[in-house]
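Survey of secondary and tertiary structure
Listed here are the chains, written in short residue letters.
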Amino acid sequence: MAVAPGFFVDWNGNARRTEDAGGDFVVDVDTAARYVALYTRNGTLMHEATYYKTLEDMEKKGIKAPLVDGATPWGMKNEW
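Residues numbered from 1 in each chain as written. Predicted model: local features only at pLDDT ≥ 70, side-chain atom pairs only at ≥ 80, totals over all residues. Heavy atoms only, no water.

Regarding the packing of aromatic side chains
Which entries qualify depends on this criterion: Each pair of aromatic rings taken from Phe, Tyr and Trp, with Trp reduced to its six-membered ring, is defined by centres within 6.5 Å and is described as stacked if the planes are under 30 degrees apart, edge-to-face if over 60, and tilted in the remaining cases. Numbering of helices and strands runs from the N terminus, with a helix taken as a DSSP run of H or I at least four residues long and a strand as a DSSP run of E at least two residues long. For the exposure calls, accessible area comes from a 1.4 Å probe over protein chains only, and a residue counts as buried if that area is under 20% of its type's maximum, exposed if over 50%, partly exposed in between.
Considering all chains together, one arrives at 4 aromatic pairs under this definition. Pairing Trp11 with Phe25 gives two aromatic rings, centres 6.3 Å apart and planes at 80°, and the pair type is edge-to-face. Taken together, the residues Trp11 in the loop between strand 1 (7-9) and strand 2 (15-17) and Phe25 in the loop between strand 2 and strand 3 (26-30) connect sequence positions 14 residues apart. For Trp11, a relative accessible area of 37% translates into the label partly exposed. For Phe25, a relative accessible area of 15% corresponds to the buried category. A ring pair is formed by Phe25 and Trp74, whose centres lie 5.1 Å apart and whose planes are at 80°; its orientation type is edge-to-face. You can see Phe25 sitting in the loop between strand 2 and strand 3 and its partner Trp74 sitting in the segment after helix 1 (55-60), a full 49 residues away along the chain. Residues Phe25 and Trp74 agree in their burial class; the two are buried.

What to know about the pairing of strand 4 (residues 35-39)
Which entries qualify depends on this criterion: Here a strand pair is declared whenever DSSP counts at least two bridges between the two strands.
Pairing geometry for strand 3 and strand 4, over 5 bridges, is antiparallel. Pairing of Val27 across the sheet is with Leu38, part of strand 4. Taking the residues between adjacent antiparallel strands as the criterion, strand 3 and strand 4 are bridged by 4 residues, where Arg34 takes a positive phi near 55°. The pairing of strand 4 with strand 5 (residues 45-50) spans 5 bridges and is antiparallel.

Description of the sheet that holds strand 5
Note on sheets: strands pair through backbone hydrogen bonds, and any given pair is parallel or antiparallel. The criterion, for reference: Geometry is summarised by axes, namely lines fitted to C-alpha atoms with helices restricted to the contacting stretch, and by angles between N-to-C directions that run from 0 to 180 degrees.
Ordered in space as 3-4-5, the 3 strands form an open sheet in which the pairing is antiparallel. What marks the edges here is a single partner per strand, and that holds for strand 3 and strand 5. Across the sheet, the mean angle separating the axes of adjacent strands is 15° when strand polarity is ignored.

Quick notes on the nonpolar core
Applicable threshold: We define a nonpolar core as any set of buried Ala, Val, Leu, Ile, Met, Phe, Trp, Tyr and Cys residues linked to one another through side-chain atoms lying within 4.5 Å. Should any heavy atoms of two residues lie within 4.5 Å, those residues are counted as being in contact.
Membership of the largest hydrophobic core is limited to 10 residues, which are Phe8, Ala21, Phe25, Val27, Val29, Val36, Leu38, Ala49, Tyr51 and Trp74. Those elements giving two or more residues to this core turn out to be strand 3 and strand 4. With near-sequence residues (within four places) excluded, Leu38 lies in contact with Phe8, Ala21, Phe25, Val26, Val27, Thr44, Leu45, Met46, His47 and Trp74.

Looking at the pattern of salt bridges
Close approach of charged atoms allows side chains of opposite charge to pair. Condition: The salt bridge criterion pairs a side-chain nitrogen of Lys or Arg with a carboxyl oxygen of Asp or Glu, the two atoms within 4 Å.
Inspection of the entire model under this criterion finds 2 salt bridges. Taking the shortest distance from any N to any O, the salt bridge between Arg16 and Asp10 comes out at 2.7 Å. Neither residue differs from the other here; Arg16 and Asp10 are each classed as buried. For Asp24, the salt bridge is made with Arg41, and the minimal N-O distance between the two is 3.1 Å. Here the residue Asp24 occupies a position in the loop between strand 2 and strand 3, and Arg41 occupies one in the loop between strand 4 and strand 5, the gap between them amounting to 17 residues. The same class applies to Asp24 and to Arg41, which are both exposed.

As structure tokens, then:
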């Protein structure tokens, strides 16, 4: 299943791509509702976020989050 391309903010305040969220999460995107949900492979909901089609859309809302790739670990930096 293809994931709608776009962006969301993770629980550390980083911007992530819906197509490369990392953390081995399953990503579900509802573009009409502007909603992103991340689940474990077993189906546990781990994170909910607002969907943004572009980084510029995030910036228009006043969100200044650094873009990270999927290789960046989820969790607090002191946990890595």
